[in-house]
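Listed below, chain by chain, are the residues.
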Amino acid sequence: MTRREFTKLASSAAIAAGASLPACGPTSTVLRPDTLLDHPLDGAPLRDALLAHAALAPSSHNTQPWRVHVESPTRWIVGPDPLRQLTAVDPEARELVLSVGAFLESLVTAANALGIATDVEVVGTARTGSGMVAVNLTPSRPGNSADLERIRTRRTIRDGLRPDPIRSADVAALLATSGVHSVFFPSGSREARWLVDSELAAFTQQTWRDDAQKELSRWFRFSEADVEKHRDGLTLASMQVGGLAGWFAAHFMDAGSVMGKSFREKGIASASRQVASCGGWLVVTAPDESVPALLDAGRRFARVAIGLRERKLAAPPMSQTMEEEPWKRQLVKELGLPGIPTFVLRVGYVDDYPDPVSPRRALPSFVT
Ligand SMILES: Cc1cc2nc3c(=O)[nH]c(=O)nc-3n(C[C@H](O)[C@H](O)[C@H](O)COP(=O)(O)O)c2cc1C
């Protein structure tokens, strides 16, 4: 299933569920939230629409490390897939939980838009435990259907961020969405300058760390055949490698190339260009590192992410300062953070907003 087919499934299933239809529109053949929750297995469109939207959430290295167990029509159990943990860069499984949080936020937002109220209950406190969250679903009034479009058109943009200052209305919106535990540092501030230097230094250190690079190589998809086979990971298109370089990489590079000197040096050069160009940095923190706090931070990040396009903003995460020592240890003090950092986002305006290209796995691979 290609990215296009996947989003088509999300949108057509949403339409079948009545999301974009006028109130009097649906006929008896169209499945509605109230009937579908009673007969989820007969009428998969709504359930599939929900799951397909949830799975469009961002995740580290696009590992899509979530699993959903449909315990009953109205109670789903969501948790991480520990086999998809990035053990070299995320040995403590923080990003694993943050990614599940992002998935939850997309699920809840899509459910609201489709006319399903959700009650989210954290039921497990182990970071790699499968039964982490119970989501109880009840029919309700459809919310804002524009949210479905926001989820479907969100993507990570890493290149082309302009250095212009971020307008105060946009900073206020970012902070309002990312919650009380977040801080924005405009470019040029002492903290932003520290982040520019530290991100690049941490990125460089991680790039030369063989175990981290080996892990990256396992999630890199160079050829179309690889993308089709896995439907996850980092593709050339999602990393914005196009033109001749993209053609060359697709035809002549593989996992082995990621371990080579030239690949590493090019990655560092590109990171060096990227950190130098943005309007500021948003750091999303959490009050502690418990599972509920990390899930909540992942949810707040996903909420920020789906609101970026309408402001022509990009906010790619750069996680290396939170993954590598000594920066990991220094972050809170150097930046005077009010909590534990969970996302460091480089924020900038972009001229063009390309469509999403990052692939997604088919539903049966993560739903039981
Ligand atoms: C917890 C977390 C950490 C991430 N860290 C990085 C990062 O360090 N660098 C980066 O370029 N993208 C990072 N991302 C973004 C993912 O790579 C991106 O969401 C994924 O490839 C899917 O692509 P999409 O967002 O365009 O759908 C991170 C995302 C999450 C949820």
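Our subject is the structure listed above.
Every value quoted in this text rests on a predicted model; they were computed, and no experiment measured them.

(A) Up close: the packing of helix H7 (residues 190–207) against helix H15 (residues 327–335). Here H7 crosses H15 at 175°, and the two axes come no closer than 11 Å. With respect to H15, the element H7 is oriented roughly antiparallel. Where H7 abuts H15, its residues Arg190, Glu191, Trp194, Leu195, Ser198, Ala201, Ala202 and Gln205 lie against Trp327, Gln330, Leu331, Glu334 and Leu335.

(B) Representation of the packing of aromatic side chains in the model. Applying the stated criterion across every chain yields a total of eight aromatic pairs. Relative to Phe222, the ring of Phe220 lies with its centre 4.7 Å away and its plane at 25°, an arrangement referred to as stacked. Under the relative-accessibility criterion, Phe220 is labelled buried at 8%. On the numbers, 5.1 Å between centres and 40° between planes, the contact of Phe248 with Phe252 is tilted. Note that Phe248 and Phe252 are positioned in helix H10 (residues 243–252) at a spacing of four residues, about one turn of the helix. Ring-pair connections join several aromatic residues into one group, and the members of that group are Trp66, Phe103 and Phe366.

(C) Seen up close, helix H4 (residues 94–114). Compared with the 30 Å implied by 1.5 Å per residue over 21 residues, the 30 Å span of H4 between its first and last C-alpha is a close match. Along H4, 20 of the 21 residues are buried, which leaves the element largely enclosed by surrounding structure. Residue Gly115 follows H4 closely and has a positive phi angle near 90°.

(D) Quick look at the sheet that holds strand S4 (residues 133–139). The antiparallel open sheet is built from four strands, whose spatial order is S1-S2-S4-S3. With partners counted over all chains shown, the strands left at the sheet margins are strand S1 (66–72) and strand S3 (116–122), one partner each. Going from strand to strand, the sheet's axes swing by 25° on average, the running direction of each strand aside. Where S1 meets strand S2 (residues 75–80), six bridges bridge the pair, whose relative direction is antiparallel. What sits directly across from Trp66, in S2, is Pro80.

(E) Spotlight on the packing of H4 against helix H13 (residues 291–306). Put simply, H4 and H13 touch, their axes get as near as 7 Å, and they point 55° apart. Regarding the angle of H4 to H13, the classification is oblique. As for how H4 packs across H13, the hand of that crossing is right-handed. Together, Arg94, Val97, Leu98, Val100, Gly101, Ala102, Leu104, Glu105, Val108 and Thr109 of H4 and Val291, Leu294, Leu295, Ala297, Gly298, Arg299, Ala302, Arg303 and Ile306 of H13 make up the contact between the two elements.

(F) Layout of the site of the ligand. Of all residues adjacent to the ligand, which total 20 residues, the nearest are Arg154, Thr156, Arg158, Ser319 and Arg360. Within the backbone of Ser59, a nitrogen or oxygen atom sits 3.3 Å from an oxygen atom of the ligand. With respect to the ligand, the side chain of Ser358 contributes an N or O atom lying 3.3 Å from an oxygen atom. Bound to the protein, the ligand loses 92% of the 620 Å² it would expose on its own. Tallied by class, residues from the shell around the ligand come to six nonpolar, nine polar and five charged. Residue assignment places the shell around the ligand across two domains, with domain 1 (3–155) and domain 2 (168–349) each supplying three or more.

(G) Spotlight on the pattern of salt bridges. Following the criterion strictly, the structure yields 26 salt bridges and no others. Notably, a salt bridge pairs Asp81 with Arg84, separated by 3.7 Å at the nearest N-O pair. Pair check on accessibility: Asp81 and Arg84 agree, each one buried. Between Arg231 and Glu228 there is a salt bridge; the shortest N-O distance is 3.0 Å. Linked through salt bridges whose partners overlap, the residues forming this network are Asp81, Arg84, Arg221 and Asp232.

(H) Broad picture of the pairing of S4. S4 sits mainly inside the fold: five of its seven residues count as buried. Here S3 pairs with S4 via seven bridges, running antiparallel. Residue pairing across strands places Val120 opposite Val135, the latter belonging to S4.

(I) Looking closely at the nonpolar core. Of all hydrophobic cores here, the largest spans 80 residues; its most connected members are Leu50, Val68, Val78, Phe103 and Leu195. No other element matches H4, which puts eleven residues into this core. For this core, the two domains that each supply at least three residues are domain 1 (3–155) and domain 2 (168–349). Setting aside chain neighbours within four positions, we find Val68 in contact with Leu51, Trp76, Ile77, Val78, Phe103, Phe366, Val367 and Thr368.

(J) Examining helix H12 (residues 261–276) more closely. With 16 residues, H12 should cover 22 Å at 1.5 Å per step; its first-to-last C-alpha distance of 23 Å lies within 8% of that length. All buried positions along H12 are accounted for by Phe263, Arg264, Ile268, Ala271, Gln274 and Val275. The buried residues of H12 occupy an angular sector of 130° when the element is viewed end-on, so they sit on one face. Exposed and facing more than 90 degrees away from the buried side of H12 are Lys261, Lys266, Arg273 and Ala276.

Calculation rules
- Residues numbered from 1 in each chain as written.
- Predicted model: local features only at pLDDT ≥ 70, side-chain atom pairs only at ≥ 80, totals over all residues.
- Heavy atoms only, no water.
- Axes fitted to C-alpha atoms, helices over the stretch in contact; angles between N-to-C directions.
- Helix = DSSP H or I, 4+ residues; strand = E, 2+ residues; numbered from the N terminus.
- Parallel < 35°, antiparallel > 145°, perpendicular 65-115°, else oblique.
- Contact = heavy atoms within 4.5 Å.
- Phe/Tyr/Trp six-rings, centres within 6.5 Å; stacked < 30°, edge-to-face > 60°.
- Buried < 20%, exposed > 50% of the residue type's maximum accessible area, 1.4 Å probe, protein only.
- Expected span 1.5 Å × (residues − 1).
- Pairing = 2+ DSSP bridges.
- Left-handed = near helix turned anticlockwise from the far one by under 90°.
- Near = heavy atom within 4 Å.
- Polar contact = N/O pair within 3.5 Å; in protein donor to acceptor, adjacent residues only side chain to side chain.
- Areas by Shrake-Rupley, 256 points an atom, 1.4 Å probe, with all protein chains shown as cover.
- Nonpolar A, V, L, I, M, F, W, Y, C, P; charged D, E, K, R; others polar.
- Domains from an automatic or database assignment.
- Salt bridge = Lys/Arg side-chain N within 4 Å of Asp/Glu carboxyl O.
- Core = buried A, V, L, I, M, F, W, Y, C linked by side-chain atoms within 4.5 Å.
- Arc of directions from axis to C-beta.

Shape descriptors only; they carry no functional weight alone.
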